[in-house]
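# Descriptive analysis of the structure
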Amino acid sequence: MAENFKLDLAHRPRRVRRTASLRAMVEETVLRPADFIAPLFVVEGRSPPDEIKSMPGVYRLNLVDLVKECLALHKLGVPAVALFPKLDPKLKDDEGTHALNEDTLVLRAVRAVKKAVPALTVITDVALDPYTTHGHDGVLTAARDDVDNDRTVGILARMAVLQARAGVDLVAPSDMMDGRVGGIRRALDGAGFTGTGILAYSAKYNSAYYGPFRDAVGSAQAAGTRLLSKATYQMNPANRREAITEALLDEAEGADMLMVKPAGLYLDIIRDLREATRKPIAAYQISGEYAQIHAAARLGWLDLARCRHESLLAIKRAGADVILTYFARDMATALRT
Ligand code: PBG
């Protein structure tokens, strides 16, 4: 008797889904351009924008094009950019010496962007991977079987001071060395940069999804060497409690914002951190997350615009206050129209 089957229900949750206006009223999470930070890759020279093969729509930009892109992002309401240099391999060595060069590419990029778009928040990575021949985020021990934690922190602290001097708003240690947030905070304060903030990559996992980024900055070598993987410093994807330990340490050492990376596969971690601290939480939708949506869209298997939106909505819903994403410009554009 299917046709006269009647349920006596007090609660019918579908009532508020019946029309578009009802659905809009009860919507719990809304994305806006101010939710995004755009990661940008910068190169030396004057060559035209160079598209990264595994990241459609993402380019390595020279300084002039970088400034143009920053102006466009600012106009679209994107509040911040995170700059990543791709260094000439000739400038790399075992110790990442060039990271402490006072005129290194990323510092010139910061000065140029801050001069052209002072209202845009500029963030720089504090890690040695763009500068080392082996591609690790730190310098190696004498035995070359691990990164030298404390010596690396000493270098990163000096690097952060150079970045602060160039005018950066937030330094973002992405290296996962122990004690680096405290080391950087002390160095910044000691040099008079009490107003420069720290966006700590607190729960950064040893993810296979960083592949396209490592191609973009040319640090791929370390990922697969027998010598050493990043597993001795980046977190094991199997671990959840450890993320809280990392985040609370960074907070205690003076971090202003705490990051989870990758984002989409680690929504539980974003939620855990949201509940463990009152600090703002950032999440990084990384290169591999971006690449897989584009790849499936190219095959005609997924709808690019809808998956882009849903992937970011999920990250915000999980508890992220701000999201680093290669979709920043496209999202800001789509949200305006
Ligand atoms: C390294 C760094 C990585 C990313 C940002 N900073 C990768 C790595 O650990 O090798 C990855 C970002 C992405 O995949 O989009 N300091």
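Rules behind the numbers
- Residues numbered from 1 in each chain as written.
- Predicted model: local features only at pLDDT ≥ 70, side-chain atom pairs only at ≥ 80, totals over all residues.
- Heavy atoms only, no water.
- Axes fitted to C-alpha atoms, helices over the stretch in contact; angles between N-to-C directions.
- Helix = DSSP H or I, 4+ residues; strand = E, 2+ residues; numbered from the N terminus.
- Parallel < 35°, antiparallel > 145°, perpendicular 65-115°, else oblique.
- Left-handed = near helix turned anticlockwise from the far one by under 90°.
- Contact = heavy atoms within 4.5 Å.
- Phe/Tyr/Trp six-rings, centres within 6.5 Å; stacked < 30°, edge-to-face > 60°.
- Buried < 20%, exposed > 50% of the residue type's maximum accessible area, 1.4 Å probe, protein only.
- Near = heavy atom within 4 Å.
- Polar contact = N/O pair within 3.5 Å; in protein donor to acceptor, adjacent residues only side chain to side chain.
- Areas by Shrake-Rupley, 256 points an atom, 1.4 Å probe, with all protein chains shown as cover.
- Nonpolar A, V, L, I, M, F, W, Y, C, P; charged D, E, K, R; others polar.
- Salt bridge = Lys/Arg side-chain N within 4 Å of Asp/Glu carboxyl O.
- Pairing = 2+ DSSP bridges.
- Right-handed = clockwise from strand over helix to strand, strands pointing away.
- Expected span 1.5 Å × (residues − 1).

Take the packing of helix H8 (residues 241–252) against helix H9 (residues 267–276) next. Interhelical geometry of H8 versus H9 gives an angle of 45° and a closest axis separation of 10 Å. As summarised for this structure, H8 and H9 are arranged oblique, according to the angle between their axes. Between H8 and H9 lies a crossing of right-handed hand. Together, Ala-243, Ile-244, Ala-247 and Leu-248 of H8 and Ile-269, Asp-272, Leu-273 and Ala-276 of H9 make up the contact between the two elements.

This brings us to the packing of aromatic side chains. Under the counting rule described, the total for this entry stands at nine aromatic pairs. Ring centres 5.1 Å apart and planes at 90° place the aromatic pair Phe-84 and Phe-213 in the edge-to-face group. Remark: Phe-213 occurs in helix H6 (residues 211–217) and Phe-84 occurs in strand E4 (residues 80–86); sequence separation between them is 129 residues. On the accessibility criterion, Phe-213 (12% relative accessible area) is buried.

Turning our attention to the site of the ligand. Surveying the vicinity of the ligand reveals 16 residues, the closest of which are Arg-214, Gln-234, Lys-261, Ser-287 and Tyr-326. In this structure, a nitrogen atom belonging to the ligand sits 3.4 Å away from a side-chain N or O atom of Asp-125. Arg-214 has a polar side-chain atom sitting 2.5 Å from an oxygen atom of the ligand. Protein chains shield 100% of the accessible area of the ligand, which is 400 Å² for the free molecule. Broken down by class, the residue content of the shell around the ligand amounts to six nonpolar, three polar and seven charged.

With that out of the way, let us pick up the pattern of salt bridges. Taken as a whole and assessed by the stated rule, the structure comprises 20 salt bridges. Close ionic contact of Asp-189 with Arg-185 constitutes a salt bridge, the shortest N to O distance being 2.9 Å. Pair noted here: Asp-189 and Arg-185 are both in helix H5 (residues 180–190), with a separation of four residues, about one helical turn. Residue classification places Asp-189 among the partly exposed positions, given a relative accessible area of 35%. The closest approach of N and O atoms between Asp-272 and Arg-240, which form a salt bridge, is 2.6 Å. Of this pair, Asp-272 sits in helix H9 while Arg-240 sits in the loop between helix H7 (221–224) and H8, and the two are 32 residues apart along the sequence.

Here strand E10 (residues 322–325) shows a buried face lined by Val-322 and Leu-324 and a second buried face lined by Ile-323 and Thr-325. Alignment of strand E1 (residues 36–43) against E10, held across two bridges, turns out to be parallel. The residue of E10 that forms the bridge with Phe-36 is Ile-323. Summarising the sheet, strand E9 (residues 281–285) and E10 pair through four bridges and their orientation is parallel. Counterpart to Ala-283 in the pairing with E10 is Ile-323.

Attention now goes to the pairing of E9. With five of its five residues buried, E9 lies for the most part within the structure. Side chains of E9 alternate between two faces, with Ile-281, Ala-283 and Gln-285 and Ala-282 and Tyr-284 buried alike. Of the strand pairs in this sheet, strand E8 (residues 257–261) and E9 are connected by three bridges, and their pairing is parallel. The residue bridging Met-259 from the neighbouring strand is Ala-282, located in E9. Taking the sense of rotation as the criterion, the β-α-β connection linking E8, H9 and E9 turns out right-handed.

All right, on to unusual backbone geometry then. Each neighbour pair has its own omega, and for Lys-261 with Pro-262 the value is -10°, a cis peptide bond. Within the element layout of this structure, Pro-262 appears in the loop between E8 and H9. Within the chain, Arg-144 stands out as a residue other than glycine whose phi angle is a positive 60°. Here Arg-144 lies in the loop between strand E5 (121–126) and helix H4 (149–166). In this structure Arg-144 comes out as partly exposed when scored by relative accessible area, which is 32%. In this structure, Met-176 is a non-glycine residue whose phi angle is positive, near 65°. Tracing the sequence through the fold places Met-176 in the loop between strand E6 (170–173) and H5.

Turning next to H5. Within H5, burial applies to Arg-180, Val-181, Gly-182, Gly-183, Ile-184, Arg-185 and Leu-188. Taken together, the buried residues of H5 touch E5, H4, E6, strand E7 (197–204) and H8. A positive backbone phi angle near 90° is found at Gly-192, which sits one or two residues after H5.

Before going further, it helps to spend a moment on helix H10 (residues 287–298). Taking 1.5 Å as the rise per residue, H10 with twelve residues should run 16 Å; its terminal C-alpha atoms sit 16 Å apart, in good agreement. What H10 keeps buried is the set Ser-287, Gly-288, Glu-289, Tyr-290, Ala-291, Ile-293, His-294 and Ala-296. A positive phi of about 80° marks Gly-300, the residue just after H10.

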